[in-house]
Amino acid sequence: AGETADLIAEAEALLAEGDAASAASIYAEALSNDSASIPAIAGLARCYVMAGALEQAKQTLAMVPESKRGDAAVSAAQSMLDLAERVVAIARSRFG
């Protein structure tokens with residue numbers, strides 16, 4: 001578990017610097033260690049949103065068990081996805 005936490009901390013730092021691609025690969029590595037890691041799932045979803053891969057973000061968040069959907073990291077990722085989807089919808093309605 002300590003290794004997974006270290007990987008998540010490293011990925012968070014990369015994501016904060018705007019390096020979503022590198023962060024995503026580290027979150028994926030964390031998930032290979034612990035497939036139920038909520039911080040890793042939520043972090044990976046945030047990377048997908050930042051990369052504009054909204055469908056992948058949705059599929060990633062769908063991996064979160066119902067009982068963990070209220071987790072702060074999951075809520076943050078879901079809010080980020082919802083906002084991105086709204087922006088895309090507005091852009092499509094205005095610019096076709």
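Quick notes on the rules
- Residues numbered from 1 in each chain as written.
- Predicted model: local features only at pLDDT ≥ 70, side-chain atom pairs only at ≥ 80, totals over all residues.
- Heavy atoms only, no water.
- Helix = DSSP H or I, 4+ residues; strand = E, 2+ residues; numbered from the N terminus.
- Buried < 20%, exposed > 50% of the residue type's maximum accessible area, 1.4 Å probe, protein only.
- Contact = heavy atoms within 4.5 Å.
- Salt bridge = Lys/Arg side-chain N within 4 Å of Asp/Glu carboxyl O.
- Axes fitted to C-alpha atoms, helices over the stretch in contact; angles between N-to-C directions.
- Parallel < 35°, antiparallel > 145°, perpendicular 65-115°, else oblique.
- Left-handed = near helix turned anticlockwise from the far one by under 90°.
- Nonpolar A, V, L, I, M, F, W, Y, C, P; charged D, E, K, R; others polar.

Engineer: Which parts of the structure should I look at to understand the side chain of Thr-4?
Structural biologist: Following the sequence through the fold, Thr-4 ends up in helix H1 (residues 2-16). Since its relative accessible area comes to 7%, Thr-4 is described here as buried. Those residues in contact with Thr-4 that lie beyond four places of it in its chain are Ala-30, Asn-33, Asp-34 and Ser-37.

Engineer: Any chance you could explain the environment of Ala-20 here in plain terms?
Structural biologist: By the element assignment, Ala-20 lies in helix H2 (residues 20-33). A residue is classified by how much of its surface remains accessible, and Ala-20, at 13% relative accessible area, is buried. Once the C-alpha coordinates of Ala-20 and Glu-10 are considered, the two residues, 10 residues apart in sequence, prove to be 12 Å apart.

Engineer: Help me understand the pattern of salt bridges, please; the structure alone is not making it clear to me.
Structural biologist: Two side chains with opposite charge may pair up if their charged atoms get near one another. Taken as a whole and assessed by the stated rule, the structure comprises four salt bridges. Across the salt bridge formed by Arg-46 and Glu-12, the nearest N and O atoms sit 3.3 Å from each other. Of this pair, Arg-46 sits in helix H3 (residues 38-50) while Glu-12 sits in helix H1, placing them 34 residues apart in sequence. For Glu-66, the salt bridge goes to Arg-69, with nearest N and O atoms at 3.4 Å. Classification of Arg-69 as partly exposed rests on a relative accessible area of 34%. When salt bridges with common partners are traced through the structure, they connect Glu-55, Lys-58 and Glu-85 into a single cluster.

Engineer: Sorry, what's going on with the packing of H1 against H2 here?
Structural biologist: The relative placement of two packed helices comes down to the angle between their axes together with the axis-to-axis distance. The geometry of H1 relative to H2 is characterised by a closest axis approach of 8 Å and an angle of 165 degrees between their N-to-C directions. The angle between H1 and H2 places the two elements in the roughly antiparallel class. The way H1 lies across H2 gives a crossing that is left-handed. In contact with Glu-3, Thr-4, Leu-7, Ile-8, Glu-10, Ala-11, Glu-12, Leu-14 and Leu-15 of H1, H2 contributes Ala-20, Ser-22, Ala-23, Ile-26, Tyr-27, Glu-29, Ala-30 and Asn-33. Looking at the contact of H1 with H2 residue by residue, the classes come out as 10 nonpolar, three polar and four charged.

Engineer: Help me understand the packing of helix H4 (residues 54-61) against helix H5 (residues 72-95), please; the structure alone is not making it clear to me.
Structural biologist: For the pair H4 and H5, interaxial distance at closest approach is 11 Å and the crossing angle is 150 degrees. Here H5 runs roughly antiparallel to H4, going by the angle between their axes. The chirality of how H4 crosses H5 is left-handed. Contacts from Leu-54, Ala-57, Lys-58 and Leu-61 in H4 reach Val-74, Ala-77, Gln-78, Leu-81, Ala-84, Glu-85 and Val-88 in H5. Along the lines of polarity and charge, the residues of the contact of H4 with H5 split into eight nonpolar, one polar and two charged.

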